[in-house]
Amino acid sequence: MTPTLDRLIASTTEIDPPLAALDLPTLRANAADLVRRAAGTPVRVASKSVRCRAVLQVALGENLTAAGGFRGIMAYSLREAIWLARHGAQDILMGYPTADRGALAELAAEPELLNRITLMVDGDDHLDFVSAAAGATSLRARLCIDVDASLRLGPVHIGVRRSPLREPSAVAAFAKRAAARGFAVVGVMFYEAQIAGLPDSSPPIGWMKRASARELATRRGSVVNAVQSEVGVLEIVNSGGTGSLEVSSADPVVTEVTAGSGLYVPTLFDRYRSFRPHPSLYFALSTVRRPAPGIATLFGGGYIASGPAGRSRVPAPMWPTGLKLLRNEGAGEVQTPVTGRAAADLGIGDRVWFRHAKAGELCERFTEVHLVESDGSRTAVPTYRGEGQCFG
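Residues numbered from 1 in each chain as written. Predicted model: local features only at pLDDT ≥ 70, side-chain atom pairs only at ≥ 80, totals over all residues. Heavy atoms only, no water.

Looking at the pattern of salt bridges
Argument step 1. One pass over the structure, following the stated rule, counts 24 salt bridges.
Argument step 2. For the salt bridge of Glu 256 with Arg 44, the shortest nitrogen-to-oxygen distance reads 2.6 Å. With Glu 256 in strand S12 (residues 256–259) and Arg 44 in strand S2 (residues 43–46), the pair connects residues that are 212 residues apart, well separated along the chain.
Argument step 3. Residue classification places Glu 256 among the buried residues on the basis of a relative accessible area of 1%.
Argument step 4. Overall, Arg 44 belongs to the buried group, its relative accessible area being 1%. (Salt bridge = Lys/Arg side-chain N within 4 Å of Asp/Glu carboxyl O. Helix = DSSP H or I, 4+ residues; strand = E, 2+ residues; numbered from the N terminus. Buried < 20%, exposed > 50% of the residue type's maximum accessible area, 1.4 Å probe, protein only.)

Written out as structure tokens, the structure is:
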């Protein structure tokens, strides 16, 4: 058992599961490691990987703005961005486009929100939608352009399907059209998912990552130069993720990198070589039945992560050691059976501790997270859900 998990277990013995617990010393160490890996480039916190204001404040300070190498938030929903701005956040970059007409109208009606929130776009249809929702033909909204950062090897596309904009001339032409319509083009973003989102599990993947980093370093600079020739100096050149901070921050054209999962370190990050995983967030379930001598059934637990369906997306039992999910049942909505050498010793009420596969998604299952300090003291704080917020 790790010191982190030992501390969480000891400090939550009187709380009935299901419960989520976060070790603050480990969280702070993870935050410091993200800053170290970024090597002086400011780190923007990806809120979708956190989904708890109290944890955002650990990284960004009470005002949710900047502290200790972290600067600003990357939000995943415009309603979330507005909510965070009303709680003091000054610098919020949307990580994705929005089609929320009500939120856009709210944004357009308040100059303070327009100053604090930067929209993400990648096409003229986004500009049309924003203008129509705002009810204005000319809106001085801040825009960041999402640029395709995938690797192309002939007809092969390696990476996620995001922006249709890729080549410098096309990005610059779009930026010029946006500026002509009254928008303020302040940044460009490059999310290299094929580098940040894949573990270093084989030599071919390592080769692909290096090839992608070389291609992107050249193209990213060309895109930035082309866009700046049309709209002036950019405030934001955003890149990276938890798995690619060293690669992204090494490019001098990058003004900031983004990370969030590295604060909690879910199981999808266990096989990376660029950093040592130190999980800080766990959840516990209670044993509620014994259907067979070698099986214990737990209450809840069907917290399946997003992405391609498969074994990598299910939660992993961590303690007691030697437990595993049943292949035919997996993690269930109401009950999760486990087997293995420790299952025979689990009695009714005994708890099993798990890790989730993806970071912030676990917070959608709990209204509160128990923050545990080095001395074992504990504070319960609300998640987004616990504050009555659900942003999709």
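Some details on the nonpolar core
Argument step 1. In this structure, Leu 78, Leu 84, Ile 117, Leu 119, Ile 145, Val 188 and Tyr 264 are the most contacted members of the largest nonpolar core, which totals 99 residues.
Argument step 2. Per-domain counts for this core show at least three residues from each of domain 1 (24–264) and domain 2 (281–385).
Argument step 3. Aside from chain neighbours lying at most four places away, what touches Leu 119 is Leu 78, Met 94, Thr 98, Leu 104, Leu 107, Val 130, Ala 141, Arg 142, Leu 143 and Cys 144.
Argument step 4. Residues Leu 5, Ile 9, Leu 19 and Tyr 282 belong to the second largest nonpolar core, which totals 10 residues. (Core = buried A, V, L, I, M, F, W, Y, C linked by side-chain atoms within 4.5 Å. Domains from an automatic or database assignment. Contact = heavy atoms within 4.5 Å.)

A short note on a nonpolar patch on the surface
Argument step 1. Together, Val 288, Phe 299 and Val 334 give the surface a local cluster of nonpolar side chains, amounting to about 260 Å² of exposed area.
Argument step 2. Within the fold, Val 288 resides in strand S13 (residues 281–292). (Patch = residues over 30% accessible without salt bridge, like charges linked within 9 Å, V, L, I, M, F, W, Y side chains within 5 Å. Areas by Shrake-Rupley, 256 points an atom, 1.4 Å probe, with all protein chains shown as cover.)

So, the pairing of S12
Argument step 1. Of the two faces of S12, the one lined by Glu 256 and Thr 258 and the one lined by Val 257 and Ala 259 are each fully buried.
Argument step 2. Where S2 meets S12, 3 bridges bridge the pair, whose relative direction is parallel. Opposite Val 45, over in S12, you have Ala 259 as the bridge partner.
Argument step 3. Strand direction decides the pairing type here: strand S11 (residues 236–239) and S12, joined by 2 bridges, are parallel. Note that in S12 the partner of Ser 239 across the bridge is Val 257. (Pairing = 2+ DSSP bridges.)

Some words on unusual backbone geometry
Argument step 1. Along the chain, Pro 17 connects to Pro 18 via a cis peptide bond; the corresponding omega equals 0 degrees.
Argument step 2. Here the bond from Trp 319 into Pro 320 is cis, since omega is 0 degrees, no more than 30 degrees from zero.
Argument step 3. Topologically, Pro 320 is positioned in the loop between strand S15 (316–319) and strand S16 (323–325).
Argument step 4. Positioned with a positive phi, Val 265 is a non-glycine residue whose angle comes to about 60 degrees.
Argument step 5. Among the secondary structure elements, Val 265 is positioned in the loop between helix H12 (261–264) and S13.
Argument step 6. Residue Val 265 is classed as buried on the basis of its relative accessible area, which comes to 3%.

Overview of the side chain of Ser 131
Argument step 1. Assignment of secondary structure puts Ser 131 in helix H7 (residues 124–134).
Argument step 2. Looking at Ser 131, the relative accessible area reads 8%, which means it is buried.
Argument step 3. Contacts of Ser 131, omitting those with residues within four sequence positions, involve Ala 136, Thr 137, Arg 181 and Phe 183.

Quick notes on the environment of Asn 63
Argument step 1. Relative to the assigned elements, Asn 63 resides in the loop between helix H3 (53–60) and strand S3 (66–67).
Argument step 2. Between the C-alpha atoms of Asn 63 and Gly 88, which are 25 residues apart in sequence, the distance is 5.3 Å.
Argument step 3. The contact partners of Asn 63, leaving out residues within four places of it in the chain, are Gly 88 and Ala 89.

Details of the domain arrangement of the protein chain
Argument step 1. We note that the domain assignment places domain 1 (24–264) and domain 2 (281–385) within the protein chain.
Argument step 2. The centre of domain 1, based on its C-alpha atoms, is set 32 Å off from the matching centre of domain 2.
Argument step 3. A combined buried area of about 1300 Å² lies between domain 1 and domain 2, and 65% of that area is made up of carbon and sulfur atoms.
Argument step 4. Among the residues domain 1 hides against domain 2, the three largest losses belong to Leu 24, Arg 51 and Tyr 264. Together they make up 48% of the total.
Argument step 5. At the junction of domain 1 and domain 2, the tally comes to 2 salt bridges.
Argument step 6. Of the charged contacts in the structure, one is a salt bridge between Glu 364 and Arg 51, with a shortest N-O distance of 2.8 Å.
Argument step 7. For the pair domain 1 and domain 2, the number of links is 6 residue pairs in polar contact (both at pLDDT 80 or more).
Argument step 8. By residue class, the composition of the side of domain 1 that touches domain 2 is 10 nonpolar, 3 polar and 5 charged. (Buried area = accessible area lost by both parts, 1.4 Å probe. Polar contact = N/O pair within 3.5 Å; in protein donor to acceptor, adjacent residues only side chain to side chain. Nonpolar A, V, L, I, M, F, W, Y, C, P; charged D, E, K, R; others polar.)

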